Amino acid sequence: MADVLYTGPIPAERGVELAMGGGRSETSALSGAGEARGLTTTQNSQRPNACCFCWCCCCSCSCLTVRNEEERRKRRRRKRISQETKMEAKLETCPKPSVEEVQMWSQSFDKLMRNPAGRNVFREFLRTEYSEENMLFWLACEDLKQEINKSAIEEKARSIYEDYISILSPKEVSLDARVREVINRKMQDPTPHTFEDAQLQIYTLMHRDSYPRFLSSSIYKALVQGGSRTSSES
């Protein structure tokens, strides 16, 4: 069939396009657009953006901030774990207890806890009962009470909370709901006495529960008998 030629008037828009040299075929135009899209896709695929799919400053900065914060948290945790390991492995420095000191420990729990050597021996006993965290918590609270630097107080209080108060910690101490509520309020602005109520509760727990068993333990009896033999020999 012969092609039918259009001999009517040319629309104004088409006329402008022809006058500006835009008379290329629609196929060529589509092909050019496809090439442009392919070039854009190739350029985007070469962008070294590993954190997200867009290439904007906000996204890159946000992802970098998150990664940096995670790294800082990991470094702080590694440092705290290292400090805790040193603290837990090291007993208090003190001279060997005398026979009188060992015998005084049986008179009252206060005398035992006021004596560095007594605390060391009692802590070894608690370790055999898998409750050493009670003594570690009490010692950490005593250390916090001596601190006067504001930033150090906040850091130590946060470490004590994460190590002994948090339900996610394997060293969590046993506290009632009322004391936990008090601690949560005080943690908004920590002071050297933030854990005072909790420390008293753990002290009472050790006194009533662990102290009687300590006096009957082989650890304490060995010290008493050893001291008695030494006194008789001399």
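No experiment lies behind these values; they were computed from the predicted model shown.

Turning our eyes to something else, we now look at the overall build of the protein chain. When its secondary structure is counted, the protein chain shows 11 helices and zero strands. N-terminal to C-terminal, the α/β element order of the protein chain is α-α-α-α-α-α-α-α-α-α-α. Within the span of the protein chain, comprising 234 residues, buried residues form 27% of the whole. Here the protein chain displays about 16,200 Å² of accessible surface, and carbon together with sulfur accounts for 56% of that area.

The contact between helix α6 (residues 116–128) and helix α7 (residues 132–145) brings their axes to 7 Å, and the two run at 140 degrees. Here α7 runs oblique to α6, going by the angle between their axes. Within the contact between the two elements, α6 uses Arg-119, Phe-122, Arg-123, Leu-126 and Arg-127 and α7 uses Glu-132, Met-135, Leu-136, Trp-138 and Leu-139. For the contact of α6 with α7, the per-class residue count stands at six nonpolar, no polar and four charged.

The biggest cluster of nonpolar side chains holds 35 residues, and the ones touching the most others in it are Phe-122, Phe-137 and Phe-195. Counting residues per element, this core draws most heavily on α7, which supplies eight residues. Setting aside its immediate chain neighbours within four residues, Phe-122 contacts Phe-109, Leu-112, Met-113, Met-135, Met-206, Ser-210, Tyr-211 and Phe-214.

Next up on the list: α6. The terminal C-alpha atoms of α6, which comprises 13 residues, lie 19 Å apart, in line with the 18 Å expected from a rise of 1.5 Å per residue. When we look at burial in α6, the residues that qualify are Ala-117, Gly-118, Arg-119, Asn-120, Val-121, Phe-122, Arg-123, Phe-125 and Leu-126. The N-terminus of α6 is capped by Asn-115, whose side-chain oxygen sits 3.0 Å from the backbone nitrogen of Ala-117. Backbone geometry just downstream of α6 places Tyr-130 in the positive-phi region, at approximately 60 degrees.

Here the focus is the packing of aromatic side chains. Ring pairs (aromatic) are described by centroid distance and by the angle formed between their planes. Inspection of every chain in the model, using the stated rule, returns 10 aromatic pairs. Plain terms: the ring middles of Phe-137 and Phe-195 are 6.4 Å apart, the flat faces sit at 85 degrees to each other, and that makes the pair edge-to-face. With Phe-137 in helix α7 and Phe-195 in the loop between α9 (177–186) and α10 (196–215), this residue pair connects regions lying 58 residues apart in the sequence. The class of Phe-137 is buried, set by a relative accessible area of 0%. Seen in terms of ring centroids, Phe-214 and Tyr-220 are 5.3 Å apart; in terms of plane orientation they differ by 50 degrees. Their pairing is tilted. In this structure, Phe-214 and Tyr-220 share a single accessibility class: buried. Here the aromatic cluster, defined as three or more aromatic residues joined through ring pairs, consists of Phe-109, Phe-122, Phe-125, Trp-138, Tyr-203, Tyr-211, Phe-214 and Tyr-220.

Structurally, Met-113 is set in helix α5 (residues 109–114). In this structure the C-alpha to C-alpha distance between Met-113 and His-207, which are 94 residues apart in sequence, comes to 9.8 Å. Once residues within four sequence positions are removed from consideration, Met-113 is found in contact with Arg-119, Phe-122, Met-135, Trp-138, Tyr-203 and Met-206.

Looking now at the packing of α7 against helix α8 (residues 150–165). A packed helix pair is summarised by two numbers, namely the angle formed by the two axes and the spacing between the axes. Direction vectors running N to C along α7 and α8 enclose 170 degrees, while the axes themselves pass 10 Å from each other. By the angle class used here, α7 and α8 are roughly antiparallel. Regarding α7 and α8, the two cross each other, and that crossing is left-handed. Here Glu-133, Leu-136, Phe-137, Ala-140, Cys-141, Asp-143 and Leu-144 of α7 come into contact with α8, specifically with Ile-153, Lys-156, Ala-157, Ile-160, Tyr-164 and Ile-165. A class-by-class count of the residues in the contact of α7 with α8 yields 10 nonpolar, no polar and three charged.

Cut-offs used in this document
Residues numbered from 1 in each chain as written. Predicted model: local features only at pLDDT ≥ 70, side-chain atom pairs only at ≥ 80, totals over all residues. Heavy atoms only, no water. Helix = DSSP H or I, 4+ residues; strand = E, 2+ residues; numbered from the N terminus. Buried < 20%, exposed > 50% of the residue type's maximum accessible area, 1.4 Å probe, protein only. Areas by Shrake-Rupley, 256 points an atom, 1.4 Å probe, with all protein chains shown as cover. Axes fitted to C-alpha atoms, helices over the stretch in contact; angles between N-to-C directions. Parallel < 35°, antiparallel > 145°, perpendicular 65-115°, else oblique. Contact = heavy atoms within 4.5 Å. Nonpolar A, V, L, I, M, F, W, Y, C, P; charged D, E, K, R; others polar. Core = buried A, V, L, I, M, F, W, Y, C linked by side-chain atoms within 4.5 Å. Expected span 1.5 Å × (residues − 1). Polar contact = N/O pair within 3.5 Å; in protein donor to acceptor, adjacent residues only side chain to side chain. Phe/Tyr/Trp six-rings, centres within 6.5 Å; stacked < 30°, edge-to-face > 60°. Left-handed = near helix turned anticlockwise from the far one by under 90°.

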